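Okay, here's what each chain looks like letter by letter:
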Amino acid sequence: MDKIKVLFIYRNKNIAKKFIEHFTINNYEVYEFYGNNIPKTKLNFWQKTENYFHRIILKNKKQIHKIEERNFNKHSKHELLRLKKKNLKFDFCFVIRGDLVPEFVIKYAHSVSTKKVDFQLDGLSVSSKILDYQKYFDRIFVFDENDISQYPNYPLKHTTNCFFEDTSNKHKEIDFLYIGVNTEKRKQDLSSIHRFLESLNHQYNYQFLLTQNQYRKENPIEGITFFEKPLSYEDCLSLSRNAQCVIDLKRQEHDGLSLRFFEALVYKNKIITDNFSVKKYDFYHPNNIYITDFNNFDGLENFLKLPYHNLNHEITDKYNFKYWIKNIFG
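Notes on the structure follow. (Residues numbered from 1 in each chain as written. Predicted model: local features only at pLDDT ≥ 70, side-chain atom pairs only at ≥ 80, totals over all residues. Heavy atoms only, no water.)

1. Things to note about the sheet that holds strand S12 (residues 289–291)
As summarised here, the arrangement of the six strands in space is S9-S8-S7-S10-S11-S12, forming an open sheet in which the pairing is parallel. Taken across any chain shown, the strands that pair with only one partner, and hence form the sheet edges, are strand S9 (224–227) and S12. Taken pair by pair, the neighbouring strands of this sheet meet at an average axis angle of 20°, ignoring direction. Relative to S9, strand S8 (residues 206–211) is paired through four bridges, and the arrangement is parallel. Looking at the pairing, Thr211 lines up with Phe227 of S9. Here helix H7 (residues 184–198) sits on the sheet and contacts strand S7 (174–181), S8, S9, strand S10 (243–248) and strand S11 (270–273); the angle it forms with S8, its principal contact strand, is near 170°. (Pairing = 2+ DSSP bridges. Helix = DSSP H or I, 4+ residues; strand = E, 2+ residues; numbered from the N terminus. Axes fitted to C-alpha atoms, helices over the stretch in contact; angles between N-to-C directions. Contact = heavy atoms within 4.5 Å.)

2. A word on the side chain of Ser127
Along the polypeptide, Ser127 turns up in helix H5 (residues 124–127). A distance of 3.1 Å separates a polar atom in the side chain of Ser127 from a polar atom in the side chain of Gln120. With residues near it in sequence (within four places) discarded, Ser127 still touches Arg97, Asp99, Gln120 and Asp122. (Polar contact = N/O pair within 3.5 Å; in protein donor to acceptor, adjacent residues only side chain to side chain.)

3. With respect to the packing of helix H8 (residues 233–241) against helix H9 (residues 259–267)
At a minimum axis distance of 10 Å, the contact between H8 and H9 shows a crossing angle of 50°. Taken together, the axis directions place H8 and H9 in an arrangement best described as oblique. In the crossing of H8 with H9, the sense of the turn from one axis to the other is right-handed. Contacts between H8 and H9 pair Tyr233, Leu237, Ser240 and Arg241 from the former with Leu259, Glu263 and Tyr267 from the latter. (Parallel < 35°, antiparallel > 145°, perpendicular 65-115°, else oblique. Left-handed = near helix turned anticlockwise from the far one by under 90°.)

4. A closer look at empty space enclosed by the protein
Over the atoms rolls a probe the size of a water molecule, and its path tells where empty space is left. Counting across every chain of the model gives two cavities of 30 Å³ or more. Taken as a whole, the largest cavity holds about 60 Å³ of empty space. Lining the largest cavity, in full, are Phe261, Ala264, Leu265, Asn269, Lys270, Ile271, Phe283, Asn288, Ile289, Tyr308 and Leu311. At the level of elements, H9 and S11 are the ones that each hand at least two residues to the lining of the largest cavity. Looking at the lining of the largest cavity, the element that brings in the most residues is H9, giving three residues. The residue makeup of the lining of the largest cavity, split by class, is eight nonpolar, two polar and one charged. (1 Å grid on protein atoms, 1.4 Å probe; cavity = no way out; pocket = protein on both sides within 12 Å on 5 of 7 lines; lining within 4 Å. Points joined across faces, edges and corners; volume = space filled by probe spheres on them. Nonpolar A, V, L, I, M, F, W, Y, C, P; charged D, E, K, R; others polar.)

5. Focus on the nonpolar core
Soluble globular proteins: nonpolar side chains tend toward being buried together. Within the largest apolar cluster, 28 residues are counted, with the highest numbers of intra-cluster contacts made by Phe8, Phe19, Phe23, Phe94, Trp324, Ile325 and Phe329. Only strand S1 (5–10), helix H1 (13–25), strand S3 (90–96), strand S4 (113–120), H8, H9 and helix H12 (321–329) provide two or more residues apiece to this core. Contact partners of Phe8, with chain neighbours within four places excluded, come to Ala16, Phe19, Ile20, Phe23, Val30, Tyr31, Glu32, Phe33, Phe94 and Ile96. Core analysis: the second largest hydrophobic core is formed by 26 residues, Cys93, Ala109, Leu124 and Leu156 among them. (Core = buried A, V, L, I, M, F, W, Y, C linked by side-chain atoms within 4.5 Å. Buried < 20%, exposed > 50% of the residue type's maximum accessible area, 1.4 Å probe, protein only.)

6. Describing the packing of aromatic side chains
Under the counting rule described, the total for this entry stands at 36 aromatic pairs. Between Phe23 and Phe329, the ring centres sit 6.5 Å apart and the planes meet at 15°, which makes this aromatic pair stacked. In this pair, Phe23 is assigned in helix H1 and Phe329 in helix H12, connecting sequence segments 306 residues apart. Across this residue pair, the class does not change: Phe23 and Phe329 are buried. Seen in terms of ring centroids, Tyr31 and Phe90 are 6.2 Å apart; in terms of plane orientation they differ by 50°. Their pairing is tilted. Of the two residues, Tyr31 is situated in strand S2 (residues 29–32) and Phe90 in strand S3; the sequence distance between them amounts to 59 residues. By relative accessible area, Phe90 is classed as buried at 5%. Among the aromatic side chains, those forming a connected cluster through ring pairs are Phe8, Tyr10, Phe19, Phe23, Tyr28, Phe92, Phe94, Phe119, Phe164, Phe321, Trp324 and Phe329. Here the guanidinium or amino end of Arg11 rests over the ring plane of Phe72, the centre of that ring lying 3.5 Å away. Over the ring of Phe303 we find Lys270, and its NZ or CZ is 4.3 Å from the ring centre. (Phe/Tyr/Trp six-rings, centres within 6.5 Å; stacked < 30°, edge-to-face > 60°. Lys NZ or Arg CZ within 6 Å of the ring centre and 35° of its normal.)

7. Focus on the pattern of salt bridges
Here the structure, examined in full by the defined rule, presents 16 salt bridges. For Asp282, the salt bridge is made with Lys318, and the minimal N-O distance between the two is 2.7 Å. Note that Asp282 is positioned in the loop between S11 and S12 and Lys318 in the loop between helix H11 (313–316) and H12, a separation of 36 residues in sequence. For Asp282, a relative accessible area of 35% corresponds to the partly exposed category. Taking relative accessible area as the criterion, Lys318 reaches 39% and is therefore assigned partly exposed. Several salt bridges share partner residues, and in doing so they unite Arg97, Asp99, Asp122, Arg251 and Glu253 into one network. (Salt bridge = Lys/Arg side-chain N within 4 Å of Asp/Glu carboxyl O.)

So this is what it looks like as C-alpha cells:
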C-alpha cells in the first residue's frame with residue numbers, strides 16, 4: 001500500500017522536527033517545506049540604515065521586524081523554488097500557523113495538494129490573518145473553541161494540541177518546572193507561587209526558566225533563572241520528563257490549552273495553571289490539575305500531597321499524534 005504523501009509547512013523549526021519524526025514513525029511520506037534551516041540573516045548596510053532611521057529618528061522600534069519578515073519571505077521563495085523543481089503532488093497539505101507563512105507559499109501548496117488543512121495553535125485574536133487565506137483550505141482547525149463562535153462565517157473546527165509518544169522513563173528530580181519567554185506578568189506569577197511554596201518549609205527543587213532579551217539584563221529574582229539562548233523543544237521535553245509538577249501560565253489573548261497539558265499526559269506531570277477552561281476537558285482530574293489565579297493558593301498544599309490519578313487510554317489516546325493526525329485529515 002502506498003504511503004500517504006504529506007506536504008508539511010510550519011515556520012517553527014524547533015517544534016516542526018518532532019512532527020516530522022512522528023509523521024515518519026507513523027508511515028507517512030512527508031516533505032517539509034522549510035526543510036532547510038531558516039537563516040538568521042544579518043542586516044546589510046541599507047537595512048541597518050533603515051532600522052536606525054526608524055528606531056532613532058521616528059522612534060519606531062518595530063521596523064526591525066518588518067525587515068526580518070522581508071528576509072524570511074526571500075528565504076521562502078528559495079524553498080518554494082526547491083519544491084517546484086521536484087514537481088511533487090501530495091495527498092494532504094498540513095500547515096501550522098499559516099498566518100505566519102507568505103501567501104505565495106500557501107497558494108502553491110493548494111495547487112499541488114488534494115486536501116488542505118491548517119491548525120492554529122494560537123488564538124485568532126493574535127493570528128486572524130489566517131482568515132484571509134481560508135479560500136486555500138478545506139478546513140481550518142483552531143485550538144480555542146471560542147474562536148468558532150467569534151467567526152461563525154468561516155470553516156473553523158476545534159481541536160486541541162497533541163502529544164508525541166515517549167516510552168522513556170526518567171527519575172523525577174525537579175519538583176516544579178516552568179519554561180517560557182520573560183514577561184512582567186510571568187515574573188510576578190512565578191515569584192508569587194515561589195513565595196507560597198517556600199512558606200511550606202519543604203526543600204523543593206525549582207526550575208523556573210525565563211528567556212531574557214540579550215540587550216536587557218534582568219536583576220536576579222529568587223527562584224527564577226534567566227537565560228538568553230532559547231532551549232530546543234527536545235530539551236524542554238527532557239526537563240518535563242524529569243518534573244513532578246509543571247506550571248502553566250495562560251496567555252490573556254485566548255483560552256486554548258498549551259502543549260504542556262498534553263505533554264503531561266505522557267510524563268504524568270501534575271499541573272498548576274491559571275487556565276480555568278481546562279475543567280471542561282475529559283482529561284481534567286482535580287488530583288492532577290490545580291487551578292489558581294496565582295494570588296490565592298487555598299488547597300494547593302493538599303493538592304501536592306494527592307497521588308497522581310492515572311487516566312485510561314480511552315481518554316488519552318485521542319490526543320496521541322497518531323490518532324490526532326488521522327482526525328485532522330478526516
